[in-house]
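Examining the three-dimensional arrangement
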Amino acid sequence: MSIFFRFISAIYLKSFFIILIALTFFFVGIDLLLNFKDLPNSANLVFLYVLFLACTALSYIMPISLVFALIICLINMIRSNELVSFYALSLSRNLVILYPFLWAVFFCCVFIGLNFTPFAYANDYKSNILNNAVLSTQSSSIFVKYDDKFIYIESLEPLQNEVKNIKIFSIDKFNLSQIQQALKARFKDNIWLLENANEITIPSELKLYGEGLKIENFNELETLEGFKPKIIESVASKSNYTIIDAWQSVKAFQTQGVNTSRVKTELYKLIFAPLFAPFLMLILYQFFPIIGRFFNLAFISFIFFVVTLGTWGFLFLLTRLSEGGVISAEIGIITPVLSLAFISFFILYKKKF
């Protein structure tokens with residue numbers, strides 16, 4: 001079996017990497033032609049723009065490259081009578097598709113793993129370079145709610161995990177109970193440290209000759225535990241998420257009663273969207289002929305390419321509808337992938353021999 005594995009894997013992987021590299025260069029080339037006049041006059045920033053653009057392209061190109069590679073791999077094996085030879089050597093039909101399927105699942109898992117890292121921010125960095133000629137931009141004039149606090153931030157520097165001119169208003173039973181403010185704060189060890197801060201505590205009952213305002217000054221004041229800079233940035237600029245950021249944002253927003261449909265869409269898109277490719281491969285494989293003598297292989301491959309692009313386009317449309325809130329993320333992203341998985345395994349079971 002190791003011989004069959006090496007042989008089939010070599011054909012499939014060669015096709016996959018050729019298609020992936022070719023489509024990436026095509027994607028980058030078209031984008032550069034459209035936006036070249038808007039790029040900054042800096043060789044370093046242009047190089048970074050191309051790098052982040054290629055990383056952004058992977059989310060679109062990688063899944064369809066997996067399917068295209070299978071189509072080309074099988075067409076070449078059918079044309080050279082290698083596929084029918086495998087069957088003649090008692091290799092089962094399901095075992096032939098097993099190796100490309102496992103490779104596709106592996107690459108999808110690698111891609112999902114990359115979305116746990118800053119790789120997921122590639123599109124943000126690309127847009128910042130194109131629009132602002134900098135790698136990262138500052139978000140300004142942010143006003144958000146967290147727990148029972150309303151927070152105003154004049155500017156956020158996400159790369160340094162710092163904010164400038166922050167004011168925190170604490171509410172108790174619809175009354176303002178406390179104000180914390182500082183000209184600068186930094187996020188460290190899952191908590192915000194306000195530097196040279198002052199805290200104003202307002203008594204719950206304001207009455208003549210009663211307790212007055214209590215004002216205290218601190219060199220460092222700890223507050224807003226768990227309120228990560230990426231959550232603030234995503235609210236302010238609708239930037240991209242890593243899987244960890246999206247999951248933490250969902251938990252944070254749910255406790256605040258905030259609509260989490262957009263964040264859930266981003267989370268499901270990062271995890272489930274690439275997985276349509278392996279299951280689509282299983283479905284298409286069942287309709288390939290064993291030999292090409294009685295079939296027009298060029299026409300068959302054209303049909304499979306069209307079906308692949310049509311499926312990818314339909315799933316992309318559902319994802320966009322989910323992002324716009326027209327349909328739920330569960331229906332637009334998870335349900336189609338699970339449906340493809342069910343159909344693929346059902347067909348695989350029915351046509352096994």
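It should be emphasised that the depicted structure is a prediction, and the values quoted were computed from it without experimental measurement.

1. Describing the overall build of the protein chain
The secondary structure content of the protein chain amounts to eleven helices and six strands. In terms of overall dimensions, the protein chain has a C-alpha envelope of 100 × 50 × 35 Å along the principal axes. Taking all 353 residues of the protein chain together, 45% fall into the buried category. Within the protein chain, contacts between residues separated by at least 24 positions form 61% of all contacts whose residues are at least 6 apart in sequence.

2. So, the packing of helix α2 (residues 43-79) against helix α10 (residues 297-323)
Here α2 crosses α10 at 165°, and the two axes come no closer than 11 Å. With respect to their mutual orientation, α2 and α10 come out roughly antiparallel. As α2 runs across α10, the sense of the crossing is right-handed. Of the residues in α10, those in contact with Y60, I64, V67, F68, I71, I72, I75, I78 and R79 of α2 are L297, S301, F304, F305, T308, L309, W312, F316 and R320. In the contact of α2 with α10, the residues fall into 14 nonpolar, two polar and two charged.

3. A word on unusual backbone geometry
What you tend to see is this: most non-glycine residues have negative phi, and most peptide bonds are trans. We note that N81 has phi near 60°; this positive angle belongs to a residue other than glycine. Among the structural elements, N81 can be located in the loop between α2 and α3 (82-88). With a phi close to 55°, N165 is a non-glycine residue in the positive phi region. Mapping N165 onto the fold places it in strand β3 (residues 162-172).

4. Things to note about the pattern of salt bridges
Enumeration over the complete set of coordinates arrives at four salt bridges. The salt bridge involving R186 is made with E195; its shortest N-O contact spans 2.5 Å. Look at R186 and you get partly exposed, because its relative accessible area is 22%. The salt bridge involving E266 is made with K269; its shortest N-O contact spans 3.5 Å. You can see E266 and its partner K269 sitting in helix α8 (residues 261-271), three residues apart, about one turn around the helix. The exposure class of E266 is buried, given its relative accessible area of 8%. Through salt bridges with shared partners, a single network forms among R186, E195 and E220.

5. Focus on the confidence of the model for the protein chain
Averaged over all residues, the pLDDT of the protein chain is 83; the fraction at 70 or higher stands at 90%. When mean pLDDT is compared element by element in the protein chain, helix α9 (residues 276-285) scores highest at 92, while helix α6 (residues 229-237) scores lowest at 67.

6. Section: the nonpolar core
In this structure, Y12, L66, I71, V96 and F288 are the most contacted members of the largest nonpolar core, which totals 57 residues. For this core, the secondary structure elements donating two or more residues are α1 (2-35), α2, α3, α4 (93-114), α9, α10 and α11 (329-350). For this core, the leading source of residues is α2, giving 15 residues. In contact with V96, other than residues within four places in its own chain, are I8, L83, F86, Y87, L91 and Y285. Grouped together as the second largest cluster of nonpolar side chains are 34 residues, V144, I232, V250 and A252 included.

7. Thoughts on the layout of surface pockets
To find leftover empty space, a probe the size of one water molecule is rolled over the atoms. Volume-wise, the largest pocket comes out at about 820 Å³. For the largest pocket, the lining is made up of 35 residues, of which S59, Y60, E266, K269 and E323 are closest to its centre. Every element with two or more residues in the lining of the largest pocket is listed here: α2, α5 (122-132), α8, α10 and α11.

8. Some points on the pairing of β3
By the bridge criterion, eight bridges tie strand β2 (residues 149-157) to β3 in an arrangement that is antiparallel. In the strand pairing of β3, K149 is matched with S170. Pairing geometry for β3 and strand β4 (residues 175-188), over ten bridges, is antiparallel. By the bridge assignment, E162 is partnered in β4 with R186. Where β3 hands over to β4, the hairpin turn is made up of two residues, of which K173 adopts a positive phi near 55°.

9. Concerning a nonpolar patch on the surface
On the surface, a nonpolar cluster with roughly 440 Å² of combined accessible area is contributed by F299, F302, I303, V306 and V307. Among the structural elements, V306 can be located in helix α10. Note on V306: relative accessible area 43%, which makes it partly exposed.

10. Digging into the environment of I142
Position of I142 among the secondary structure elements: in strand β1 (residues 139-146). Residues I142 and I166, 24 residues apart in the sequence, show an inter-C-alpha distance of 9.5 Å.

11. A few points about the environment of L284
Considering the arrangement of structural elements, one finds L284 in helix α9. Of the residues examined, L284 reaches a relative accessible area of 5% and is grouped as buried. For the pair L284 and I327, spaced 43 residues apart in sequence, the C-alpha to C-alpha distance is 28 Å. Here L284 is in contact with V67, I71, F304, V307 and T308, once residues within four sequence places are set aside.

12. Structural notes on the packing of α2 against α5
A pair of packed helices is characterised by two quantities: the angle between their axes and the separation of those axes. At a minimum axis distance of 8 Å, the contact between α2 and α5 shows a crossing angle of 145°. α5 is crossed by α2, and the crossing has left-handed handedness. Only A122, N123, Y125, K126, I129 and L130 of α5 make contact with α2, whose side of the interface consists of L45, L48, Y49, F52, L53, C55 and T56. Here the contact of α2 with α5 is built from residues that sort into ten nonpolar, two polar and one charged.

Rules of the game
- Residues numbered from 1 in each chain as written.
- Predicted model: local features only at pLDDT ≥ 70, side-chain atom pairs only at ≥ 80, totals over all residues.
- Heavy atoms only, no water.
- Helix = DSSP H or I, 4+ residues; strand = E, 2+ residues; numbered from the N terminus.
- Buried < 20%, exposed > 50% of the residue type's maximum accessible area, 1.4 Å probe, protein only.
- Contact = heavy atoms within 4.5 Å.
- Axes fitted to C-alpha atoms, helices over the stretch in contact; angles between N-to-C directions.
- Parallel < 35°, antiparallel > 145°, perpendicular 65-115°, else oblique.
- Left-handed = near helix turned anticlockwise from the far one by under 90°.
- Nonpolar A, V, L, I, M, F, W, Y, C, P; charged D, E, K, R; others polar.
- Salt bridge = Lys/Arg side-chain N within 4 Å of Asp/Glu carboxyl O.
- pLDDT = per-residue confidence, 0-100.
- Core = buried A, V, L, I, M, F, W, Y, C linked by side-chain atoms within 4.5 Å.
- 1 Å grid on protein atoms, 1.4 Å probe; cavity = no way out; pocket = protein on both sides within 12 Å on 5 of 7 lines; lining within 4 Å.
- Points joined across faces, edges and corners; volume = space filled by probe spheres on them.
- Pairing = 2+ DSSP bridges.
- Patch = residues over 30% accessible without salt bridge, like charges linked within 9 Å, V, L, I, M, F, W, Y side chains within 5 Å.
- Areas by Shrake-Rupley, 256 points an atom, 1.4 Å probe, with all protein chains shown as cover.

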